[in-house]
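Observations on chain architecture
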Amino acid sequence: MRISWITKNSVMPTVVYGTTSGKYEGSANGTSSSYHYLMIYRSGQINDVVIGPLKPNTVYYYKCGGQSSTQEFNFKTPPSQFPIRFAVAGDLGTTEWSKSTLDHVSKWEHDVFILPGDLSYADLLQPVWDTFGRMVQPLASKRPWMVTQGNHEVELIPVLHRQSFTAYNNRWRMPFEESGSSSNLYYSFNVFGVHFIMLGSYADFEPGSDQYQWLEKDLKSIDRKTTPWLMAVIHAPWYNTNEAHQGEKESVDMKQSMETLLYNARVDLVFAGHVHAYERFNRVYQDKFDKCGPVYINIGDGGNKEGLAKNYRDPTPAISLFREASFGHGQLVVVNASHAQWKWQRNDDDASVEKDSVWLTSLSADSSCHI
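Computed from a predicted model, the values in this text were never measured in an experiment.

So, how was this worked out
Residues numbered from 1 in each chain as written. Predicted model: local features only at pLDDT ≥ 70, side-chain atom pairs only at ≥ 80, totals over all residues. Heavy atoms only, no water. UniProt positions renumbered as here; feature names shortened; annotations may be inferred. Helix = DSSP H or I, 4+ residues; strand = E, 2+ residues; numbered from the N terminus. Core = buried A, V, L, I, M, F, W, Y, C linked by side-chain atoms within 4.5 Å. Buried < 20%, exposed > 50% of the residue type's maximum accessible area, 1.4 Å probe, protein only. Contact = heavy atoms within 4.5 Å. Pairing = 2+ DSSP bridges. Patch = residues over 30% accessible without salt bridge, like charges linked within 9 Å, V, L, I, M, F, W, Y side chains within 5 Å. Areas by Shrake-Rupley, 256 points an atom, 1.4 Å probe, with all protein chains shown as cover. Salt bridge = Lys/Arg side-chain N within 4 Å of Asp/Glu carboxyl O. Lys, Arg positive; Asp, Glu negative; His and termini not counted. Charge placed at Lys NZ, Arg CZ, Asp CG, Glu CD. Axes fitted to C-alpha atoms, helices over the stretch in contact; angles between N-to-C directions. Parallel < 35°, antiparallel > 145°, perpendicular 65-115°, else oblique. Left-handed = near helix turned anticlockwise from the far one by under 90°. Nonpolar A, V, L, I, M, F, W, Y, C, P; charged D, E, K, R; others polar. Phe/Tyr/Trp six-rings, centres within 6.5 Å; stacked < 30°, edge-to-face > 60°. Lys NZ or Arg CZ within 6 Å of the ring centre and 35° of its normal. Disulfide = S-S within 2.5 Å.

A few words now on the UniProt feature "domain: Calcineurin-like phosphoesterase" (unreviewed entry) in the chain. Following the UniProt record, one finds the feature "domain: Calcineurin-like phosphoesterase" (unreviewed entry) at residues 85-278. With 30% helix and 16% strand, residues 85-278 has its two end C-alpha atoms placed 20 Å apart.

Dropping the structure here:
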């Protein structure tokens, strides 16, 4: 587990941890860094420490900064057997709706949180990243948060600040090196029998690019006998019947470049954000129903400051099975090697209301969909 935290003052990047509150048998040292933005903002000290090996399905108590730290946190590691529970919400932001979404997520017992891009909506205002960090800390300190980037993470200003993803790459370091990637913008990870591929909509994705070659290699490395479930996460959706974000190259060109790779690998499910609404598609390949294609789910409805995308194209295409412009989050329970249940929970008047649910069968369990 990588633990990241930010301090105003200089501290030792050390984490002590153990399975009993107040007793820390383990200790690990890491690295610290900081970044400047436009010469008017300097971040606090960003500390990254990897601890382990850890036991599965176990609560660990830990302190950031060593034994002398006054605050103790705890987290639970994911299990090493089914079922496994994933909470999913994209385009989060720092609004009251964002807080409502996280409040609902906190009430559902989950093992891992998945965020398909657009985290803080800082949009160049760097202190908003700190606000976002404080907002998510109660959840992100207790469960692994696995994220990918969105357009609001780019934060590039021609001439003035020419480096993209400065805050994102410094603050949200994902296990890209551990998964053979050369960039924090795309990586993969396993949770027992589930393999997640976190793709970068705003990194080069053309055939021959680093990301494309990495994806080819990563897909070939998966053994579906031991890892029966295969999921992908992007930000800009490849399928979308909302009026918002139509025709963008990050959707159209990336789909043209990579859709066949995912289809041939028999990816089960593709999550996306970007569109501030919820939509679930059937199994699809090349714009048509295909029983061996992935289920596409757009869930950019976490609570961002820009509001909801309320206008959909009519009539509803046959491949779109459910769509609604409301804030909410998703719950994916991978029950066993062959079956999983997906639910979408709407934030309705500050109460979590189940609005959409479906049972899914892994393509690795379908003998007619040979990988």
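Considering soluble globular proteins, one finds that nonpolar side chains tend to be buried as a cluster. Formed by 89 residues in total, the largest nonpolar core has its most connected members in Phe86, Ile114, Trp172, Phe196 and Trp342. Contacts of Trp342, omitting those with residues within four sequence positions, involve Val88, Phe271, Tyr278, Arg280, Ile297, Ile299, Gly330, Gln331, Leu332, Asp356, Ser357 and Val358. In terms of nonpolar packing, the next biggest core, distinct from the first, is built from 12 residues, Trp5, Tyr17, Tyr62 and Phe75 among them.

Glancing now at the pairing of strand 13 (residues 187-191). Of all five residues in strand 13, four are buried; the element is thus mostly enclosed. Between the antiparallel neighbours strand 13 and strand 14 (residues 194-198) lie two residues, among them Phe192 with a positive phi of about 50°.

The subject of this paragraph is the environment of Met254. Relative to the helices and strands, Met254 resides in helix 5 (residues 249-264). Separated by 18 residues in sequence, Met254 and Ala236 have C-alpha atoms that sit 8.9 Å apart. The contact partners of Met254, leaving out residues within four places of it in the chain, are Leu199, Gly200, Ser201, Phe205, Gln211, Ile234, Trp238, Lys249 and Glu259.

Turning to unusual backbone geometry, a few remarks are in order. Of the consecutive residues Gly52 and Pro53, the connecting peptide bond is found in the cis state with omega at 5°. In this structure, Pro315 follows Asp314 across a cis peptide bond, with omega equal to -5°. Position of Pro315 among the secondary structure elements: in the loop between strand 19 (295-299) and strand 20 (320-324). Of note, the phi angle at Arg266 is positive, near 60°, even though the residue is not glycine. Residues other than glycine seldom take positive phi values, yet Gln286 does so here, at roughly 50°. Mapped onto the elements, Gln286 comes out in the loop between strand 17 (278-285) and strand 18 (288-289).

All right, on to a negative patch on the surface then. On the surface, Asp204, Glu206, Asp210 and Asp253 cluster together into a patch of negative charge. Tracing the backbone shows Glu206 in the loop between strand 14 and helix 4 (210-220). What makes Glu206 partly exposed here is its relative accessible area of 41%.

In space, the four strands of this open sheet follow the order 3-2-8-9, with antiparallel pairing throughout. The outermost strands of the open sheet, each flanked by one partner alone, are strand 3 (26-29) and strand 9 (73-76). Averaged over all pairs of adjacent strands, the angle between strand axes in this sheet comes to 30°, irrespective of strand direction. Note that strand 2 (residues 14-18) and strand 3 share four bridges and pair antiparallel. Paired with Val15 across the strands is Ala28, a residue of strand 3.

So, about the packing of helix 4 against helix 5. It is at 11 Å that the axes of helix 4 and helix 5 come closest, and there the two elements cross at 15°. With respect to their mutual orientation, helix 4 and helix 5 come out roughly parallel. You can see that helix 4 and helix 5 cross each other, and the crossing is right-handed. Only Met254, Ser257, Met258, Leu261 and Leu262 of helix 5 make contact with helix 4, whose side of the interface consists of Gln211, Tyr212, Leu215, Glu216 and Leu219. Residues belonging to the contact of helix 4 with helix 5 are distributed by class as follows: seven nonpolar, two polar and one charged.

The subject of this paragraph is the pattern of salt bridges. Oppositely charged side chains may form a pair once their charged atoms are brought near each other. This structure, assessed with the given rule, holds 16 salt bridges. A salt bridge links Lys249 to Glu250; the shortest N-O distance between them is 3.5 Å. Given the relative accessible area of 51%, Lys249 is considered exposed. A salt bridge links Lys355 to Glu324; the shortest N-O distance between them is 4.0 Å. Separated by 31 residues along the polypeptide, Lys355 in strand 23 (residues 351-361) and Glu324 in strand 20 bring together distant segments of the chain. For Lys355, a relative accessible area of 33% gives the class partly exposed. Linked by salt bridges that have partners in common, Glu324, Arg346 and Lys355 make up one network.

For the structure shown, the criterion picks out 24 aromatic pairs. Geometrically, the ring pair formed by Phe113 and Trp145 is stacked, given 4.1 Å between the ring centres and 20° between the ring planes. Taken together, the residues Phe113 in strand 11 (residues 112-115) and Trp145 in strand 12 (residues 145-147) connect sequence positions 32 residues apart. With a relative accessible area of 0%, Phe113 lands in the buried category. In this structure, Arg266 is placed above the aromatic ring of Tyr263, and the distance from its NZ or CZ to the ring centre is 4.6 Å.

The full count for this structure, using the stated rule, is one disulfide. At a sulfur-sulfur separation of 2.0 Å, the disulfide partner of Cys292 is Cys369. Measuring handedness by torsion sign, the sulfur bridge of Cys292 and Cys369 sits at about -85° and is left-handed. Taken together, the positions of Cys292 in the loop between strand 18 and strand 19 and Cys369 in the segment after strand 23 put the pair 77 residues apart, joining distant regions of the chain. By the burial criterion, Cys292 is buried, and Cys369 matches it.

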